[in-house]
Amino acid sequence: MPQQPSSQAPTVADPKRLPLILEPENRDESTDKDAKLINGYVEKNDKTGEYWVFKRPGLLQTGATKSGNGYGVYNWNGNIYSIFGTTLYKDGTSIGTVDGTGGVYKFSSSLGSTPRLQLGNAVKAYNWDNTTLTQMSGVNFPGNTYTDAAVKGFAYLDGSTYVLDEKSYIHGCDVVAGLNRPDLWTDLTNLLGAQIEPDRGICLAKQLVYVLALKEWSTEVFYDQQNTTASPLGPVQGAKINYGCISADSVQEIDGTLFWLATNRSSSVQVLMLENLKPTIVSNKAVERLLGEADFTSVASFGIKDEGHRFYGFTLKNNNITLVYDMTDKMWAQWTDADNNYFKIVSSTYKSNTGRILQHETNGKLYLMDADYFSDDGSVITVDLYTPNYDGGVRRRKQMTMMEFIGDQTAGSKFQVRTNDFDYDPTKWTNFRTVDMSVRKPTLTNNGTFMRRATHIRHACNTRMRLQAIELQLDIGTL
């Protein structure tokens, strides 16, 4: 009598899942090979431990197009201030002429009987008091009548405004005349050197109740010592940070946390996160390989919060790359524009009843950013997922009979899929095949044989995109 099959024996092997927890895995200083995620981000479900790949938020123009390069956007007292070319705008209306040679501006503000907005680009700095735009001047203001040039950044602390010069001296506005007088810089004694190390000043910033002098190789920390003569500031003993800053344009503050491109005398450039004065390097090995031979002469950065995620992005323009770090899930991705060049955003701010507002580098536009915008102002966002080389855990020839795509079933959403069995050789990619994500069981069948394979998945549709996994039905050979 023939034997009956065991009731516990599976009739079909369980499918394997293709890893989609993607971030840069480049083996050298280029992104031509290995895994990467472009124009997306990875989100972990804290309850189930599952990972999903999301399309990044899109852009929609807000306000009229202006003339000139974008040099900064900032929310002050509920009004949006932006700089295009040499013109400062308040809610889209011109309010004055500013310098256009120093790149993107840093902003701050002060209180007092006459609240003021401060803006500066290391060439010139200005006060705006809601009536008049006035250039900052005075014998104690760097780069004007004071000999040494200013660097970017302001720090407002306990009614005083501070700036930094390139020789690492912190200058304070006049306090004899009272607090909140960033329009007065006449007291040459209100000066304090950040001179634990003899490196030059790069940027001034603030965290909590501390003023930070970001220098070339190190960062020094100061607090309000309430001195009645000279500078009110005093050094925080033992709080020196052994990382400096390679570009003031890389410095961003997100929810009180500071990010910048950091370096010191013994290391190459890394991405540093400073939280509660505690420095943490957040760049991984692959990102640092990209930074190792990068050109830092033209840098831009931005900070964005969206749907529970906090993104720090920086752009190396001469390397044509924008890298984005997700603080929430501690993952990296690459973002591009519609032409597959770097993401051309140079400044960002937020307004409560409007949302995120981003400024384009050159086209004179401000954009709203939201996941509900499926395109970049009408241009399709192309999401590209490049998987690692996958061998299923065994270096035998395998026949892939089916690929099933586990993701949102959305009308109009399609994936283009191709593969490469030759270690990302650009001439060896197969032709794209289409997967319709609106059907109940999105699959590709008859996917050939391989020993080791990379898969490229592309989404270029004006829809949301969320992908959890790809299940592979594999038949493994004996040799």
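Treat the numbers as computed from the prediction; the structure is a model and nothing was measured.

When you tally the buried positions in strand β15 (residues 160–164), you get five out of five residues, the bulk of the element. The sheet contact formed by strand β14 (residues 155–157) and β15 spans three bridges and is antiparallel. What sits directly across from Y156, in β15, is T161. Turn length for the β14-β15 hairpin, with the two strands adjacent in sequence and antiparallel, is two residues, and the turn residue D158 shows positive phi of about 55°. With three bridges joining them, β15 and strand β16 (residues 169–172) adopt antiparallel strand pairing. Within β16, the residue paired with V163 across the bridge is H171. Taken together, β15 and the strand that follows it, β16, pair antiparallel across an intervening segment of four residues, in which S168 is found at a positive phi of about 70°.

Our next topic: the sheet that holds strand β10 (residues 106–110). Pairing in this open sheet of four strands is antiparallel, and the strands run β10-β11-β12-β13 from one edge to the other. Each edge of the open sheet carries a strand with a single partner, namely β10 and β13 (133–135). On average, adjacent strands in this sheet sit at an angle of 25° to one another, irrespective of strand direction. Here strand β12 (residues 125–128) pairs with β13 via three bridges, running antiparallel. What sits directly across from W128, in β13, is L133.

Calculation criteria
- Residues numbered from 1 in each chain as written.
- Predicted model: local features only at pLDDT ≥ 70, side-chain atom pairs only at ≥ 80, totals over all residues.
- Heavy atoms only, no water.
- Buried < 20%, exposed > 50% of the residue type's maximum accessible area, 1.4 Å probe, protein only.
- Helix = DSSP H or I, 4+ residues; strand = E, 2+ residues; numbered from the N terminus.
- Pairing = 2+ DSSP bridges.
- Axes fitted to C-alpha atoms, helices over the stretch in contact; angles between N-to-C directions.

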